[in-house]
Amino acid sequence: MLRFSFTVCGGGPSASSTARCAVTTLPLLLSMLLLTSLVPIADSFSSLSAIRHKNLHQDVSFSHTCTTGTGRSATFKAMHVHVPASRCTSALQMSVPNSLDTLTSGLASIARLPFGVTVSDTAKRLQLEDGDDDFTLSTLYDIENDRECRRVRERISELDLIVQAVVPAASNSRVFVDPSYEYALPEGSEIPRLVAKKGGSSGEEMVYVGSEDILSYLDATYAVDGSSGSSAAAAAATSADGDIKQQIIDAALQVGSYLPGILRAGRGASVCPAASASSSVPVPRPTKPLILYSYEGNQFCRLVREVLTELDLPYELRNAGKGSPRRAEMAEMTGGSSQCPYLIDDNTGTAMFESADIIRYLYKTYALWTPPAELLESASAAVTPLLKPVYKLLAPLQAGS
């Protein structure tokens, strides 16, 4: 059971935009309930999806029992079947994203509007000349599908910053299971965790742990006058203190902060067996850092970041939200396009757009196998037509219109 505690969130975009986004909460909740109702069904048959795949590893025996709606039990048994993990849900967690993923990722983005989409007018980065920035965001330990990590990434997008290394830090990532890993941390270390340097890459190192400390550092360092949002939002929050309407908006936004994690449950939260550090077969890893042009509120960027977490791949994050000068940089590199996501891999000389192409490339290059997606494709075919009207209604909000 999920328990929500409502508290007022300080700072952020304008009051009018937050009010507009608050009204999307109810239909998003309804959509989420419909989607999550499919999880037990998918879970019951995920083992069969794994069986159909041709390139799975580990020779094991297993049986799986599911209960039907009439209360009858059905048991599926297989002897010496090649499967990638002991849990039947692994096929779901590591499936290549499909149209259902695109839909739920879009709803997740809408649930967090207007955060993480547009570069803030308080962003100091917009006012700096090249080379003037004395601070470097060296390393961000992150879990894509984590509420507190999401808050940090949203603010980094709004401040239009570059993170030299976003390091996936799920509980089963190399960060915690491989002591020889260059980004290794003690077991139980709090995530998110930011390592910043003053005076450039070789300067004094500063470590901030937890979303509140990180957000305070980001605003104090990269926002004009240390502002955590527009002055209009701050004034609205002050004037409406105790007002029932403002409290409802705050409560809706608080509920909305949980929706992305629910809508994208099972994705971007752990390392999949196809890239597990505990595998008996060496997993291919890049020797040069991957570079991803992205911004937090983009549904397609989220799909790529989820897979980067699931494949345990660190990457350099270059934010390119709406209003970012970095979009002109992208257009110059690509011959005119500033579309996100955009991946650059100097290990293979690859540069590409389109989330689906990027994800297939990542699995092909940095995973032991490309996981099955037949089960979710079937679910997608059934559910997507039901949710498309909701998505069509809410999509203009994501675009800012």
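Refer to the structure above for everything that follows.
Residues numbered from 1 in each chain as written. Predicted model: local features only at pLDDT ≥ 70, side-chain atom pairs only at ≥ 80, totals over all residues. Heavy atoms only, no water.

## As for the overall build of the chain
Regarding its fold elements, the chain presents 15 helices and ten strands. Counting across all 401 residues of the chain, residues that qualify as buried make up 51%. Taking the intrachain contacts of the chain between residues at least 6 apart in sequence as the baseline, contacts between residues at least 24 apart amount to 73%. Approximately 18,400 Å² of the chain is accessible, and the part contributed by carbon and sulfur atoms is 55%. (Helix = DSSP H or I, 4+ residues; strand = E, 2+ residues; numbered from the N terminus. Buried < 20%, exposed > 50% of the residue type's maximum accessible area, 1.4 Å probe, protein only. Contact = heavy atoms within 4.5 Å. Areas by Shrake-Rupley, 256 points an atom, 1.4 Å probe, with all protein chains shown as cover.)

## Observations regarding unusual backbone geometry
Between Ile191 and the following residue, Pro192, the backbone shows a cis peptide bond with an omega angle of 10°. Position of Pro192 among the secondary structure elements: in the loop between helix H7 (174–177) and strand S5 (193–198). In the segment running from Cys340 into Pro341, the intervening peptide bond is cis, with an omega of 5°. In this fold, Pro341 is placed in the loop between helix H13 (326–334) and strand S9 (342–345). Of note in this structure, Glu354 is not a glycine but carries a positive phi near 65°. Structurally, the position occupied by Glu354 is in the loop between strand S10 (350–352) and helix H14 (355–366). Residue Glu354 is classed as partly exposed on the basis of its relative accessible area, which comes to 42%.

## Some points on helix H6 (residues 147–158)
Compared with the 16 Å implied by 1.5 Å per residue over twelve residues, the 17 Å span of H6 between its first and last C-alpha is a close match. Of all twelve residues making up H6, nine are buried, and the element is well covered by its neighbours. For H6, the full list of buried residues reads Cys149, Arg150, Val152, Arg153, Glu154, Arg155, Ile156, Ser157 and Glu158. Where H6 ends, the next residue or the one after it, Asp160, has phi of about 60°, a positive value. (Expected span 1.5 Å × (residues − 1).)

## Observations regarding empty space enclosed by the protein
Unoccupied space between atoms shows up once a probe the size of one water molecule is rolled over them. Scanning the entire structure with this criterion turns up two cavities of 30 Å³ or more. Quantified by volume, the largest cavity comes out at close to 50 Å³. Taken together, Glu144, Asn145, Arg150, Arg153, Pro260, Arg264, Arg302 and Glu306 make up the full set of residues lining the largest cavity. Tallied by class, residues from the lining of the largest cavity come to one nonpolar, one polar and six charged. (1 Å grid on protein atoms, 1.4 Å probe; cavity = no way out; pocket = protein on both sides within 12 Å on 5 of 7 lines; lining within 4 Å. Points joined across faces, edges and corners; volume = space filled by probe spheres on them. Nonpolar A, V, L, I, M, F, W, Y, C, P; charged D, E, K, R; others polar.)

## A few points about the packing of helix H5 (residues 99–111) against helix H12 (residues 299–310)
Following both chains from N to C, one finds H5 and H12 inclined at 115°, their axes separated by 8 Å at the closest point. Considering the angle they form, H5 stands roughly perpendicular to H12. In terms of crossing hand, the pair formed by H5 and H12 is right-handed. On the side of H5, the interface is formed by Asp101, Thr102, Ser105, Gly106, Ala108 and Ser109, while H12 contributes Gln299, Phe300, Arg302 and Leu303. In terms of residue class, the contact of H5 with H12 is made up of three nonpolar, five polar and two charged. (Axes fitted to C-alpha atoms, helices over the stretch in contact; angles between N-to-C directions. Parallel < 35°, antiparallel > 145°, perpendicular 65-115°, else oblique. Left-handed = near helix turned anticlockwise from the far one by under 90°.)

## A look at the packing of H6 against helix H8 (residues 211–222)
Running from amino to carboxyl end, H6 crosses H8 at an angle of 5°, the nearest separation of the two axes being 9 Å. The orientation of H6 relative to H8 falls into the category roughly parallel. Across the interface between the two elements, Glu148, Arg151, Val152, Arg155 and Ile156 of H6 pack against Ser211, Glu212, Ile214, Leu215, Leu218 and Asp219 of H8.

## Notes on the pairing of S5
Note that strand S3 (residues 135–142) and S5 share six bridges and pair antiparallel. Among the inter-strand pairings, Leu137 is bridged to a residue of S5, identified as Ala196. Looking at chain direction, S5 and strand S6 (residues 204–209) are connected through six bridges and run antiparallel. The residue bridging Val195 from the neighbouring strand is Val207, located in S6. (Pairing = 2+ DSSP bridges.)

## Observations concerning the sheet that holds S10
With mixed pairing, the eight strands of this open sheet are ordered in space as S6-S5-S3-S4-S8-S7-S9-S10. Only two strands of the sheet have a single partner each, and these edge strands are S6 and S10. Neighbour to neighbour, the strand axes of the sheet diverge by 20° on average, direction disregarded. With five bridges joining them, S3 and strand S4 (residues 162–168) adopt parallel strand pairing. Paired with Asp142 across the two strands is Pro168, which belongs to S4. H14 contacts strand S7 (290–294), S9 and S10 of the sheet and is inclined by roughly 25° relative to S9.

## Digging into the pattern of salt bridges
One side chain can pair with another of opposite charge once the charged atoms of both are near each other. Across all of its chains, the model carries 20 salt bridges by this definition. In this structure, Arg151 engages Glu148 in a salt bridge whose closest nitrogen and oxygen atoms are separated by 3.1 Å. One end of the pair is Arg151 and the other is Glu148, both in helix H6 and three residues apart, which spans about a single turn. For Glu148, a relative accessible area of 24% corresponds to the partly exposed category. The closest approach of N and O atoms between Asp219 and Arg155, which form a salt bridge, is 2.7 Å. Separated by 64 residues along the polypeptide, Asp219 in helix H8 and Arg155 in helix H6 bring together distant segments of the chain. Ionic contacts of the salt-bridge type, sharing partners, join the residues Asp101, Arg264, Arg267, Glu306 and Glu310 into one network. (Salt bridge = Lys/Arg side-chain N within 4 Å of Asp/Glu carboxyl O.)

Structural measurements only, silent on function.
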